[in-house]
Amino acid sequence: MKKIKSALISVFYKDGLEQIVRKLEEDGVTIYSTGGTLAFIEGLGLKAISVESLTGYPSILGGRVKTLHPKVFGGILGRRDNTQDGAQMTQYEIPEIDAVIVDLYPFEQTVASGAEEQAIIEKIDIGGISLIRAAAKNFKDVIIVPSVDQYAEFYELISTQNSATSLEQRRRFAAHAFNVSSHYDTAIFNYFNRKESLESFKISMNHPVALRYGENPHQSAQFYGDLDRLFEKLNGKDISYNNMLDIDAAINLIEEFEEPTFVIMKHNNACGVASRSSLLSAWQDALAGDPVSAFGGVLICNREVDAQTAEEIHKLFFEVILAPAYSVEALETLQGKKNRIILRLKDTSRCPKQFRSLLNGVAVQDRDLKVGGRDGESHYATEKQASAAQLNDMIFANKIVKHSKSNAIVLAKNGMLIASGIGQTSRVDALKQAIAKAKSFGFDLQGAVMASDAYFPFGDCVEIAHKEGVDAVIQPGGSIRDHESIDYCNAHGMAMLFTGLRHFKH
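Residues numbered from 1 in each chain as written. Predicted model: local features only at pLDDT ≥ 70, side-chain atom pairs only at ≥ 80, totals over all residues. Heavy atoms only, no water.

J.: Help me out: how do you make sense of a nonpolar patch on the surface in this one?
T.: A grouping of Phe201, Ile203, Met205, Tyr224, Phe355, Val362 and Val364 is seen on the molecular surface, where their side chains present a nonpolar patch of about 620 Å² in accessible area. Considering the arrangement of structural elements, one finds Ile203 in the loop between α10 (167-192) and β8 (209-210). (Patch = residues over 30% accessible without salt bridge, like charges linked within 9 Å, V, L, I, M, F, W, Y side chains within 5 Å. Areas by Shrake-Rupley, 256 points an atom, 1.4 Å probe, with all protein chains shown as cover. Salt bridge = Lys/Arg side-chain N within 4 Å of Asp/Glu carboxyl O. Helix = DSSP H or I, 4+ residues; strand = E, 2+ residues; numbered from the N terminus.)

Given below as structure tokens:
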């Protein structure tokens, strides 16, 4: 155990600091401080020595240089069991500093506020980050409190141990310190590297949210991110890892639609989608697409849920619902099930990159932000072109197939998902799965359209689809045997649109 005899305090956030300072004074600790922190301490009627009086130098360059001085860093870095260090500290009249309490300038918050660059640059802490690293390096003799997040833990420690600390405790706080410093530097690097001129992948997140469990109950799981910015939880049990995967997939898909749309997700794939003039009819047709798979699913829509729609939704057992708003009556109805997770969507903007752990590293790619169908890259490969209504259905289907596990085929009609074949090892099997599913629910495929996430390697898929009633197709194109599909379509009066965009999803 080492007794704290002196402490340097220089912080941005002062909430929770008063009780620490009072306890340190009570235990006879000499306090050094700077600027606003010094004024705060003196405002409490407590004594503190200014760093300027210790160093003999004032705060200069607009406050950019305050603590960067040998008398400060020597007092922190000096090794107490090193005779040579001790002699030099005596020679240069450097006092030992046993505790350092720092809270850095709020760089990330300043960036998030949309401030101008000069204001952001001024929030890059130099002295504070140096104090943190120095104290953490010398944890054998010094305890470092690197942010406001550690104030409470430090106060508990000094209150129960009369301002003494153990080596194990100092090592723990040093780990906190390097977590703070590495996170801070990562944020600064990512700000300067916004255009990715340097090929380096760095991400740092703190404060994980514990999930109920991982993909299976025997796996633990946490989520690192800011869920409070994404949505507000209005009801229900804790969110699980699988819930999070479906929520992510649901948000990705619903953002493709502007008209009133309801989506039902199951295991990261849509099992029901419909766009209608009213939310109630969108829900009814989305559910009709696959009422079996909808059981236990995740629901999402892009309009306020009204009372009538909520009454219909309430009849189904489902895990999660997400919507931009709920009427008072709708919320009361949906809260009838205490475990049902109800989320109100807020800011759903997300990172333009996607990454996943892979082998012994991380794979990073751009998020797929294109759909295809109405842009300049799309063109009809066939003599016949789709009608306006068919084209709308083709774009609708292509949005869904983009967010379906490969190999994927989607069949749609009149703004409704009729059926999909997903996660198959061959494209023809995906089509056969979709057709079988559509028939099982009594859908008539006459006049339906087909979307494929990748090109057709042979002409068999368009032939099979046509014989079931499909007369318009949207696909990327690009096979060396595209002519087989094109020739069949031309011979049987089908329209086929090439987008030039593959949408594999694994």
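J.: I would appreciate a short explanation of the environment of Arg229 in the present structure.
T.: For Arg229, the position within the fold is in helix α11 (residues 227-230). C-alpha of Arg229 to C-alpha of Ser10: the two residues are 219 residues apart in sequence and 30 Å apart in space. Among the polar contacts listed, one links the side chain of Arg229 to the side chain of Ser349, at a separation of 3.2 Å. (Polar contact = N/O pair within 3.5 Å; in protein donor to acceptor, adjacent residues only side chain to side chain.)

J.: Can you walk me through empty space enclosed by the protein in this structure?
T.: A probe matching the size of a water molecule, rolled over the atoms, marks out where space remains unfilled. All chains considered together, the criterion is met by 2 cavities of 30 Å³ or more. Here the largest cavity defines a volume of roughly 40 Å³. Residue lining of the largest cavity: Cys271, Gly289, Asp290, Leu417, Ile418, Ala419, Ser420 and Lys437, and that is the complete set. Counting residues per element, the lining of the largest cavity draws most heavily on strand β20 (residues 417-421), which supplies 4 residues. (1 Å grid on protein atoms, 1.4 Å probe; cavity = no way out; pocket = protein on both sides within 12 Å on 5 of 7 lines; lining within 4 Å. Points joined across faces, edges and corners; volume = space filled by probe spheres on them.)

J.: Would you mind going over the sheet that holds strand β23 (residues 495-498) with me for this structure?
T.: Sheet strands pair by backbone hydrogen bonding; their relative direction is either parallel or antiparallel. Reading across the sheet, the 6 strands line up as β18-β23-β22-β21-β19-β20 and stay open at both edges, with mixed pairing between neighbours. For this open sheet the edge positions go to β18 (379-380) and β20, each flanked by a neighbour on one side alone. In this sheet, β23 lies alongside β18 in antiparallel orientation, the contact comprising 2 bridges. From the neighbouring strand, His379 faces β23, where its bridge partner is Phe498. Against the sheet, helix α16 (residues 388-402) makes contact with β18, β19 (409-412), β20, β21 (449-452), β22 (472-475) and β23, and its axis sits at roughly 35° relative to β21, the strand it touches most. With respect to the sheet, helix α17 (residues 427-440) is in contact with β19, β20 and β21, its orientation differing from that of β20 by roughly 145°. (Pairing = 2+ DSSP bridges. Contact = heavy atoms within 4.5 Å. Axes fitted to C-alpha atoms, helices over the stretch in contact; angles between N-to-C directions.)

J.: For this particular structure, what's the right way to read the sheet that holds strand β14 (residues 320-323)?
T.: Here 6 strands make up an open sheet; going across it, the order is β10-β15-β14-β13-β11-β12 and the pairing mixed. Each end of this open sheet is capped by a strand with a single partner; those strands are β10 (231-235) and β12 (269-275). Between one strand and the next, the sheet's axes are offset by a mean angle of 20°, whatever the strand orientation. One ladder, built from 3 bridges, connects strand β13 (residues 298-301) with β14; its direction is parallel. From the neighbouring strand, Val298 faces β14, where its bridge partner is Val320.

J.: Explain the pattern of salt bridges to me, please; I cannot follow it from the model alone.
T.: Pairing between side chains of opposite charge can happen when their charged atoms approach one another. Counting across every chain of the model gives 24 salt bridges. For Lys237, the salt bridge identified is with Glu319, shortest N-O distance 3.8 Å. One end of the pair, Lys237, is in the loop between β10 and α12 (241-254); the other, Glu319, is in the loop between α14 (307-313) and β14, with 82 residues separating them in the sequence. By relative accessible area, Glu319 is classed as buried at 18%. Taken together, the shared-partner salt bridges in this structure form one network comprising Lys23, Glu26 and Asp27. (Buried < 20%, exposed > 50% of the residue type's maximum accessible area, 1.4 Å probe, protein only.)

J.: Looking at this structure, how should I read the layout of surface pockets?
T.: One number sums up the size of the second largest pocket: a volume of about 420 Å³. Lining the second largest pocket are 25 residues, with Gly63, Arg64, Lys66, Tyr105 and Asp125 positioned closest to its centre. Class assignment for the residues of the lining of the second largest pocket results in 9 nonpolar, 10 polar and 6 charged. (Nonpolar A, V, L, I, M, F, W, Y, C, P; charged D, E, K, R; others polar.)

J.: For this particular structure, what's the right way to read the packing of helix α4 (residues 70-77) against helix α8 (residues 127-137)?
T.: To describe two helices that pack against each other, one gives the angle between their axes and the distance between the axes. At a minimum axis distance of 8 Å, the contact between α4 and α8 shows a crossing angle of 30°. When the interaxial angle is binned, α4 and α8 end up roughly parallel. Contact residues: α4 offers Val72, Phe73, Ile76 and Leu77, while α8 offers Gly127, Ser130, Leu131, Ala134, Ala135 and Lys137. Tallied by class, the residues present in the contact of α4 with α8 amount to 7 nonpolar, 2 polar and 1 charged. (Parallel < 35°, antiparallel > 145°, perpendicular 65-115°, else oblique.)

J.: So what exactly am I meant to see when it comes to the side chain of Asn269 here?
T.: Along the polypeptide, Asn269 turns up in strand β12. Excluding residues that lie within four positions of it along the chain, Asn269 makes contacts with Ile264, His403, Ser404, Lys405 and Ile422.

J.: Got a minute to help me understand the side chain of Thr499 in this structure?
T.: When you line up the elements, Thr499 lands in the segment after β23. Side-chain polar atoms of Thr499 contact the backbone nitrogen of Leu501, separated by 3.1 Å.

J.: How do you make sense of the nonpolar core when you look at a structure like this?
T.: Considering soluble globular proteins, one finds that nonpolar side chains tend to be buried as a cluster. Counting residues in hydrophobic clusters, the biggest one holds 43 residues, and the most contacted among them are Val273 and Leu322. Discounting chain neighbours no more than four positions away, the residues touching Val273 are Leu253, Phe257, Thr261, Phe262, Val263, Ala286, Phe396, Ile400, Gly415, Met416 and Leu417. (Core = buried A, V, L, I, M, F, W, Y, C linked by side-chain atoms within 4.5 Å.)

J.: Hey, could you run me through the packing of aromatic side chains in this one?
T.: Aromatic rings in a pair are described by how distant their centres are and how their planes are angled relative to each other. Scanning the entire structure with this criterion turns up 10 aromatic pairs. Their ring planes at 80° and their centres at 5.0 Å tell us that Phe12 and Tyr13 sit as a pair that is edge-to-face. Note on Phe12: relative accessible area 32%, which makes it partly exposed. With a centroid separation of 6.3 Å and 65° between ring planes, the pair formed by Phe107 and Tyr184 is classed as edge-to-face. A residue pair is termed long-range when its members are at least 10 positions apart, and Phe107 in helix α6 (residues 107-112) and Tyr184 in helix α10 qualify at 77 residues. Judged by its relative accessible area of 2%, Phe107 falls in the buried class. Here Tyr184 falls in the buried class, since its relative accessible area comes to 8%. Just above the ring of Tyr191 sits the side chain of Arg194; from NZ or CZ to the centre is 4.1 Å. In this structure, Lys202 packs its charged tip against the face of Phe189, placed 4.6 Å from the ring centre. (Phe/Tyr/Trp six-rings, centres within 6.5 Å; stacked < 30°, edge-to-face > 60°. Lys NZ or Arg CZ within 6 Å of the ring centre and 35° of its normal.)

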